[in-house]
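Here are the chains, one letter per residue:
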Amino acid sequence: MFNDSGWTADELPDQSGRNVVVTGANSGIGYEATKAFAAHGAHVVLAVRSVERGEDAKREIEAEYPGASLTVHEVDLADLDSVAAFADWYDTEYDSLSVLANNAGVMAIPRSETTDGFETQFGVNHLGHFALTGHLLGVLRRTSGQARVVTQSSMAHESGEIDFDDLQHEQEYDKWEAYGQSKLANVLFAYELDRRLRAANASVTSVACHPGFAATNLQLRGPEAEGSRLRLLGMKAANAVLAQSAEAGAWPLLYAATHPSIDGGEYVGPGGLLNMRGHPEEQQSSERSRDEATARRLWSVSEDLTGVSVDLPAPSDD
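### Things to note about the overall build of the protein
Moving on, step 1. Of the regular secondary structure elements, the protein holds 10 helices and eight strands.
Moving on, step 2. Relative to its full complement of 318 residues, the protein shows a buried share of 59%.
Moving on, step 3. Excluding contacts between residues fewer than 6 apart, the proportion of contacts in the protein whose partners are at least 24 apart in sequence is 76%.
Moving on, step 4. Total accessible area computed for the protein in this model is approximately 13,200 Å², and 44% of it derives from carbon and sulfur atoms.

Rendered as structure tokens:
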């Protein structure tokens, strides 16, 4: 097990010749991860909902790293047709994918629905990334060497519970319960994906991570959507006083994506105060996140909801 020893993005190995996809790459942790990957030689596809904001991010990174190799392409994780279109485009343009960083997300927003009728937090945070990973599995498996899928979760997964009787929170909606469910789904998915990849003897591994408490716009979107000035000010104050930088918040993702000690099935997060900040280390996720029966059921339900059948065998019970 890796322990906190001061690892930062400066220690990324050379990424030359590797293709990386980062969802939500135009801001926050996704932006910082994209910048670090590009600074170390990777070609990074910024998979973003707003191409305009993605191009702004691309220009900023290129100004800091003139040799950066970056491409911007649209993907709306709240629209399964957009997810499929992105994957088709990528599969046409590229013959390899070394890292798929399932990073984008929404947090604690008023109830709304995706284009396909899913509760937005579950639909974007889990189902969109489940579908994207399924569509890109072929190119991941064709990649020379070991490819990795890194799925961003949150400490909020610890309070999450998968309510199969009301996955879309139609009967009763609490924004934090819905967020916790979506983040628990992220870890369950990452672990189940790794088990299935192992069963298929694939040269792809799956890892979960969380950023701790990092100062990004993610915390501000819920209060902004609610029109709550008081909550918005509170979140801004918490970001200023308690949070680590978005740059440091990206370290667990970067470590999970690149460190040679990662075998698959790990959960990586910051090892400092209350796991909210600090350098990355391997951690223990919640007991619920390690329930393999729940993970298998969620996988099956996710295939049914998205219409994406992932070509991987279920792991044996032995």
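What follows picks up the thread again.
### Thoughts on the nonpolar core
Moving on, step 1. In terms of nonpolar packing, the biggest core is built from 49 residues, with V21, F86, Y90, L97, L100 and L136 touching the most fellow members.
Moving on, step 2. Broken down by secondary-structure element, the contributors of at least two residues to this core are β2 (43-48), α3 (80-93), α4 (120-142), β5 (147-152), α5 (175-199) and α10 (292-306).
Moving on, step 3. Apart from residues no more than four positions distant in its own chain, L97 is found in contact with N19, V20, V21, Y90, L136, V139, L140, T143 and A147.

### Some details on the packing of aromatic side chains
Moving on, step 1. Scanning the model with the defined rule gives nine aromatic pairs in all.
Moving on, step 2. Considering the side-chain rings of W89 and Y94, the 5.8 Å spacing of their centres and the 80° angle between planes classify their relative orientation as edge-to-face. Like Y94, W89 is buried.
Moving on, step 3. With centroids separated by 4.5 Å and ring planes inclined at 25°, the aromatic side chains of Y90 and Y94 adopt a geometry described as stacked.
Moving on, step 4. Note on Y90: relative accessible area 0%, which makes it buried.
Moving on, step 5. An aromatic cluster of at least three residues, connected via ring pairs, comprises F86, W89, Y90 and Y94.
Moving on, step 6. In this arrangement the basic side chain of R297 is found over the ring face of F164, its NZ or CZ atom lying 4.0 Å from the centre.

Thresholds applied
- Residues numbered from 1 in each chain as written.
- Predicted model: local features only at pLDDT ≥ 70, side-chain atom pairs only at ≥ 80, totals over all residues.
- Heavy atoms only, no water.
- Helix = DSSP H or I, 4+ residues; strand = E, 2+ residues; numbered from the N terminus.
- Buried < 20%, exposed > 50% of the residue type's maximum accessible area, 1.4 Å probe, protein only.
- Contact = heavy atoms within 4.5 Å.
- Areas by Shrake-Rupley, 256 points an atom, 1.4 Å probe, with all protein chains shown as cover.
- Core = buried A, V, L, I, M, F, W, Y, C linked by side-chain atoms within 4.5 Å.
- Phe/Tyr/Trp six-rings, centres within 6.5 Å; stacked < 30°, edge-to-face > 60°.
- Lys NZ or Arg CZ within 6 Å of the ring centre and 35° of its normal.

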